[in-house]
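Descriptive analysis of the structure
Okay, here's what each chain looks like letter by letter:
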Amino acid sequence: MSDELHSAAIPSSGGVARWLPWALLVALALLPVVGAQLGLDYYVGFVRRMLIVMIAATSLNFILGYGGMAALGHAGFIGVGAYTVVALVDAGVSSAWTAWGAAVLVSGAFAALIGAVSLRTRGVYFLMITLAFAQMLYYLAVSLSAYGGDDGYGLYSPLELGAGRTTGDAALFFWVVLAIAALVFSFASRAAVSRFGHALTGIRDNETRMEALGYPVYRLKLAAFTGAGALAGLAGALLASHNNFVSPSTMHWTESATLLVMVVLGGLGRRWGAVLGVAVWLVLSEVLKLYTEYWHWPLGLMLIAVVFAAPRGLAGLFDDRSSA
Amino acid sequence: MSLFVAQDLVKRFGGLVATDRVSLSVEPGEVHALIGPNGAGKSTLVNLISGLLPADGGSIVLDGVELTAMSAHDRVRHGLSRCFQITSVFRGDSVRDNLLLAVQAHSGSSFRCFRRRSTEAGLRERALELAHKVGLEDMLDRVAGTLPHGVQRKLDVALALAARPKLLLLDEPMAGMGPEDSQQMVELIARLRAEAAILLIEHDMDAVFQLADRISVLDYGKVLASGDTAYIREHPEVQAVYLGTEELR
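Residues numbered from 1 in each chain as written. Chains lettered and ligands numbered in written order. Predicted model: local features only at pLDDT ≥ 70, side-chain atom pairs only at ≥ 80, totals over all residues. Heavy atoms only, no water.

**Looking at the packing of helix α3 (residues 41-66) of chain A against helix α11 (residues 253-266) of chain A**
Residues and elements named next belong to chain A. Test applied: Angles here are taken between N-to-C directions and fall from 0 to 180 degrees, while the axes themselves are lines fitted to C-alpha atoms, restricted in helices to the stretch in contact. Labels follow the DSSP assignment, with helices taken as runs of H or I lasting at least four residues and strands as runs of E lasting at least two, numbered in each case from the N terminus. Here is the rule for angles: anything less than 35 degrees is roughly parallel, anything more than 145 is roughly antiparallel, 65 through 115 is roughly perpendicular, and the remaining ranges are oblique. The contact rule is simple, with two residues in contact once any of their heavy atoms fall within 4.5 Å. Residue type decides the class: Asp, Glu, Lys and Arg count as charged, Ala, Val, Leu, Ile, Met, Phe, Trp, Tyr, Cys and Pro as nonpolar, and the leftover types, Gly among them, as polar.
Direction vectors running N to C along α3 and α11 enclose 75°, while the axes themselves pass 9 Å from each other. Between α3 and α11, the angle falls in the class roughly perpendicular. From α3, V53, A56, A57, L60, N61 and L64 reach across to α11, where they touch L259, L260, M262 and V263. In terms of residue class, the contact of α3 with α11 is built from nine nonpolar, one polar and no charged.

Okay, here's the thing in structure tokens:
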């Protein structure tokens, strides 16, 4: 698998690849305006949620796709971020930036602690131990009766964004989420081709050799894991503001698994993998829900088809075309 | 004073003593060869010295610095670098990327995540220098995994050289090579001794006797004999160990 990953990592010189991200950004930025004109407010909200999930998926792609760390507990960090917002709002904090910033720090700290233990293991054991930690966080949330326990916690007043505006302003909140998602995506793309990214892929491909080359393998992995956890927490904080509601189900292990599936679907260790996977998965499930209550069925079949037809993910298909 | 001293190294796997109070030293500029039949504990010893396996006893000192408690990557930073018996390169990457990755480990922090690595001219220069050193300058854009075995071995050596080691551990560099490739590798090692002292683990007796200043023979995890080439060649116990398996001219 790694052979193919690398041959495709050589940047395609096509002009399309250069302007497409910017065109996409402009189109997305216009969406709230156009959406309001056409009365498609629901879909503006849908895309906002999609952007938030993309942040979480991008962070997972970084550790899983580039770092080779098969973590099955990423929803745990999303939950920590969401509950940090809950705790701060409950304590009387009203600034979005304070709440979200704190969510990043707290989930980063949780990721550092959980990573410090989990990264002593590898492969299936790593998967199991990250899953176990995430489930512990889940049951912790269930037992927090102060924050609604199993029933969850409603955030009744929107958070302040400054200058008298709040997250209740749908268009403004959309743009804020879009800006954050674009920054996270740019950062992840850059980090992937930086020294840090190259070191991570080296560890993924041949950990023993990296250690023998003089790389502090464990610390590099821990740094990546911590950063990814912090970004997942940011996604969780935004999700809390998006839904105005947080419940333990946010961090159930099936959420981690769905995120994993989206990343694999889009293309592990590929720049556009996470973004593409989230978009396709969420749009398909949204469309299928219109037609049938049993929308999991066709989605599952499609996933199997993709695994066979495009084992390197959807982003892999595009690479093939541009290089052919 | 010796550049490198390993004192009373011990490694047990359950009841098996794989390394039994082994002591070794390497002088500056010296090629010290370690030979021994299959299962003598050569690979275990290399892993103990490089730090990939924790030792159960003994001490390791390189250039006055105690390495015994250090992790493998810290030992590399202190000048102890190694190659692998089973070629260990990044097979999906180009030769250039392999070299860049090795060079990057020894110039500045690998935690930097904002700057593209491809813009760092210093790294590229140093990678090119390494390629010249082992004769890979014409193959920089080839994918490592597609190269012939002998060339991959050279790349493996180049990766180890990136650390600018004081002591280079070569774990059977001629393993699986034909006579022509072997001879090239002998010439390469002969050139490398100008840069680093070498601890050479090798099965190819021709190569060992061409290169080594001193030879130690390992058998059942113990050092059976240690001395210059003439001494080892005449040593009765060594001859007994190798009788029927290898011919010492």
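There's plenty left to go through after this.
**Quick word on the packing of helix α3 (residues 95-104) of chain B against helix α4 (residues 121-134) of chain B**
Relative orientation and spacing of two packed helices are given, respectively, by the angle between their axes and the distance between those axes. All names here are of chain B. Worth spelling out the cut-off: The hand of a helix crossing depends on one turn: near helix anticlockwise from the far one by less than a right angle means left-handed, and clockwise means right-handed.
Where α3 contacts α4, the axes come no closer than 9 Å and their chain directions differ by 115°. Considering the angle they form, α3 stands roughly perpendicular to α4. In terms of crossing hand, the pair formed by α3 and α4 is right-handed. Here L99, L100, V103 and Q104 of α3 lie close against α4, whose contacting residues are L123, R124, R126, A127, L130 and A131.

**Here's the deal with α4 of chain B**
The condition that has to hold: To estimate how far a helix should reach, multiply one less than its number of residues by 1.5 Å. Note on classification: 1.4 Å probe, protein chains only; a residue is buried when its accessible area is under 20% of the maximum for its type, exposed when over 50%, partly exposed between these limits. Picture the helix axis, draw a direction to every C-beta atom, and the arc is the one those directions span.
Under the 1.5 Å per step criterion, the end-to-end length of α4 of chain B is 21 Å for 14 residues, consistent within 8% with the ideal 20 Å. Of the residues making up α4 of chain B, those classed as buried are L123, R126, A127, L130, A131 and V134 of chain B. Relative to the axis of α4 of chain B, the buried residues are bounded by an arc of 145° and lie together on one face. Exposed residues on α4 of chain B whose side chains face more than 90 degrees from its buried face are G122 and E125 of chain B. Buried residues in α4 of chain B make contact with α8 (195-205) of chain A together with α3, α5 (149-161) and α6 (179-192) of chain B.

**Here we look at the sheet that holds strand β10 (residues 222-227) of chain B**
All names here are of chain B. To keep it simple, the criterion reads: In this analysis, strands are considered paired if DSSP registers two or more bridges between them.
Pairing is mixed in the open sheet, where six strands are placed in the order β6-β7-β8-β3-β9-β10. Whereas interior strands pair on both sides, the edge strands pair on one side only; in this sheet they are β6 (80-82) and β10. Averaged over all pairs of adjacent strands, the angle between their axes in this sheet comes to 20°, without regard to strand direction. Bridge count for strand β7 (residues 167-171) against strand β8 (residues 197-201) is five bridges, and the pairing is parallel. In the sheet register, L169 faces β8, and the bridge partner there is L199. Contacting β6 and β7, α5 runs over the sheet at an angle of about 155° to β7.

**A closer look at the nonpolar core**
Let me state the cut-off plainly: Definition used in this section: a nonpolar core is a set of buried Ala, Val, Leu, Ile, Met, Phe, Trp, Tyr and Cys residues joined via side-chain atoms within 4.5 Å.
Core analysis: the largest hydrophobic core is formed by 135 residues, its most contacted members being V85, W100, M210, Y215 and F225 of chain A together with L99 of chain B. The leading source of residues in this core is α3 of chain A, at 16 residues. Beyond its immediate stretch of four places on either side in the chain, V85 of chain A contacts A99, W100, A103, L155, L159, A237 and A240 of chain A. In terms of nonpolar packing, the next biggest core, distinct from the first, is built from 23 residues, L48, I60, L169 and A197 of chain B among them.

**Description of the pattern of salt bridges**
All names here are of chain A. The line we're drawing: The salt bridge definition used is simple: a Lys or Arg side-chain nitrogen within 4 Å of an Asp or Glu carboxyl oxygen.
Going through the model one piece at a time under the given rule, you end up with 18 salt bridges over all chains. In this structure, the salt-bridge partner of E207 is R122, at a minimum N-O distance of 2.6 Å. With a gap of 85 residues between them, E207 in helix α9 (residues 207-213) and R122 in the loop between α5 (96-118) and α6 (123-143) connect regions that are remote in the sequence. A salt bridge links D169 to R165, with the shortest nitrogen-to-oxygen separation between them at 2.7 Å. On the accessibility criterion, D169 (24% relative accessible area) is partly exposed. Judged by its relative accessible area of 41%, R165 is partly exposed.

**A few points about the interface of chain A and chain B**
Test applied: Here the quantity called buried area is the total loss of accessible area, with a 1.4 Å probe, experienced by two parts when brought into contact, counted for both. Pairing of N or O atoms within 3.5 Å defines a polar contact, subject to two protein rules: one partner must be a possible hydrogen donor and the other a possible acceptor, and residues neighboring in sequence count only if both atoms are side-chain atoms.
The partner chain B presents 36 residues to the 27 residues of chain A that form the contact. Of the roughly 2700 Å² buried between chain A and chain B, counting both surfaces, carbon and sulfur atoms make up 58%. Along the contact surface separating chain A from chain B lie two salt bridges. Its salt-bridge partner being E120 of chain B, residue R195 of chain A comes within 2.8 Å of it at the nearest N-O pair. Across the chain A-chain B interface, the total number found is 19 residue pairs in polar contact (both at pLDDT 80 or more).

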